[in-house]
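# Close look at the chain arrangement
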Amino acid sequence: MMEEKQCCVTLSVQPSRGLVDEKFIVLVQNALPSSQLTIRALHQCEDGHSWHSFAHYTSDATGAVNVSEDCSVGGTYTGVEAMGLLWSLKPVPGSKAGLRMRKKNVLAPMVVTISVYQGHLSEGFGNQEPLAGVEVERWYMAPGVRRIPVTEDGLTATLFLPSGPGPFPGLLDLWGGGGQLVEYRAALLASHGIATMALDYLTCKYTMETGTFVKQDYFETAYKFLQKHPKVLSSRMAMLGLSLGTSITLRMAVCSEVTKFRCAVCISGSHIQPMDGFLKETLDYFFRNSGKTRFTKDDEVIWRDLLLPIPSDPSLKVDVGKLQCPLMLIVGEDDQNWCTYESAMDMKAMMERAGNSHLLTLLSYPNAGHLIEPPYTPHVRASVFRDVQSRQKLMALWGGQTLEHSRAQEDAWRKLLVFLRTNLYGGVKPGASSLSNL
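Only a predicted model underlies this, so the values are computations on that prediction, with no experimental measurement involved.

### Quick word on the sheet that holds strand S1 (residues 10-14)
Reading across from one edge, S1-S3-S6 is the order of the 3 strands in this open sheet, with antiparallel pairing throughout. Strands with a single pairing partner mark the edges of an open sheet, and in this sheet they are S1 and strand S6 (65-66). By the bridge criterion, 2 bridges tie strand S3 (residues 25-29) to S6 in an arrangement that is antiparallel. Along S6, the bridge assignment pairs Val28 with Val65.

### Side note on the nonpolar core
One finds Met197, Tyr201, Phe219, Ile248, Leu279 and Leu327 to be the most contacted residues of the largest nonpolar core, which totals 67 residues. Formed by 40 residues, the second largest nonpolar core is a distinct cluster that contains Ala186, Met328, Ile372 and Leu417.

### Describing the sheet that holds strand S5 (residues 50-58)
Neighbouring strands of a sheet are bound in pairs by backbone hydrogen bonds; such pairs are parallel or else antiparallel. Pairing is mixed across the open sheet formed by 6 strands, whose spatial order is S2-S9-S8-S4-S5-S7. Of all the strands in the sheet, the pair left with one neighbour each is strand S2 (17-19) and strand S7 (90-91).

### Some thoughts on the environment of Glu333
Inspection of the secondary structure puts Glu333 in the loop between strand S18 (327-332) and helix H8 (340-354). Remark: the alpha-carbon pair of Glu333 and Tyr218, spanning 115 residues in sequence, is separated by 32 Å. Every residue in contact with Glu333, bar those within four places of it in the chain, is listed here: Tyr341, Ser364, Tyr365, Pro366 and Ala368. Side chain to side chain, Glu333 and Ser364 meet in a polar contact 2.7 Å long.

### What about the environment of Asn423?
Position of Asn423 relative to the elements: it lies in helix H9 (residues 402-425). C-alpha separation for the pair Asn423 and Phe261, spaced 162 residues apart in sequence, amounts to 9.8 Å. Setting aside its immediate chain neighbours within four residues, Asn423 contacts Arg262, Cys263 and Pro326.

### Some points on the pairing of strand S19 (residues 360-365)
Two faces make up the sheet, and in a regular strand the side chains alternate between them. Bridge analysis of S18 against S19 gives 6 bridges, and the strand direction is parallel. Residue pairing in the sheet places Gly332 in a bridge with Tyr365 of S19.

### Section: the side chain of Asp346
Locating Asp346 in the fold gives a position in helix H8. Given the relative accessible area of 16%, Asp346 is considered buried. Sequence-distant contacts of Asp346, that is, excluding residues within four places in its chain, are made with His271, Ile310 and Lys317.

About the thresholds
Residues numbered from 1 in each chain as written. Predicted model: local features only at pLDDT ≥ 70, side-chain atom pairs only at ≥ 80, totals over all residues. Heavy atoms only, no water. Pairing = 2+ DSSP bridges. Helix = DSSP H or I, 4+ residues; strand = E, 2+ residues; numbered from the N terminus. Core = buried A, V, L, I, M, F, W, Y, C linked by side-chain atoms within 4.5 Å. Buried < 20%, exposed > 50% of the residue type's maximum accessible area, 1.4 Å probe, protein only. Contact = heavy atoms within 4.5 Å. Polar contact = N/O pair within 3.5 Å; in protein donor to acceptor, adjacent residues only side chain to side chain.

Following this line, the structure appears as structure tokens:
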């Protein structure tokens, strides 16, 4: 009779299709009252590697578990964590070291299988038959968002246009020192009503063909391309940079006569760079300081000391005191990759001295690391990183503690969207696609 009762267990996830930054509700019903259950999430990445998470629950008097309300007592996370099954995803046991989950093909969803098992399991899931399971789709692109490859004017980029007639505010999206054309954040921003162009500036076609790094005019060309697009509001433009992309974003916001931004967002980066050059000279400056590199006992590389102490020489940093548009700085205080917290403090002081600190919004998160990504992206404390200049593969230590880092990602993303909407839409919330109608 007991087995028959357990066969009736049901598992539902609502919404089963949604954007990656949208919360879902995982509900188990019809289990035996006060029974031990394990809920597990399993995802196979496009690179073939599998990631999983699991949590231990006890059903209530009606035989139900609601992950949004009930407490996990063990597994890859504990406590009441509505989205713990996503942010605590880890490579399955036996996987190679240094994996990082990144979406390559944004035209397809991230598919996650969520299952419920009898008992409190921590291993051997492949040998157990789940009581129930369901597939969940997590999308970076909302319905109607258009993906447009851009090769005009020598650019290597992808433009994402929101659904609807437009026109929309425009944003240039820059990633960091790993290079490549990274699209998933741009796709997600377009899903929230902002025409966003992801731009490759380190491994772009120009650099691959000429062997030389791009200069300031490359970013001005990208700005003008986006600004002139018929679906873009030419006077409502922004720039977002992560890590090395922050160096470019601050430089363009302060020094370019062409780029006129309504606002800028910088995540996990620094204003320190030689002002008598551009990208090549900045990378050369970093390289000259490479003697300050440290390694952990596990041979993970720590670069955070390269720019420390923060230079007082004004020729070695962007003068953010001249900034004329609102700036959001997002940093993790446990960033082991770059001195982002110290840089943010110096930028704050510079802006206070110049009298433009009213333009600054600083989000600083204790125990968050370098890779502050969209919400529920699994935290990776260290991963394999290929240096663009040397092409050498290293194990980079990014830092962060999983729970606090995940909290930071969720909070920062919510505030980033509000910041962009306020400055690009004048406080009017854009008519983004309904996330629950995917």
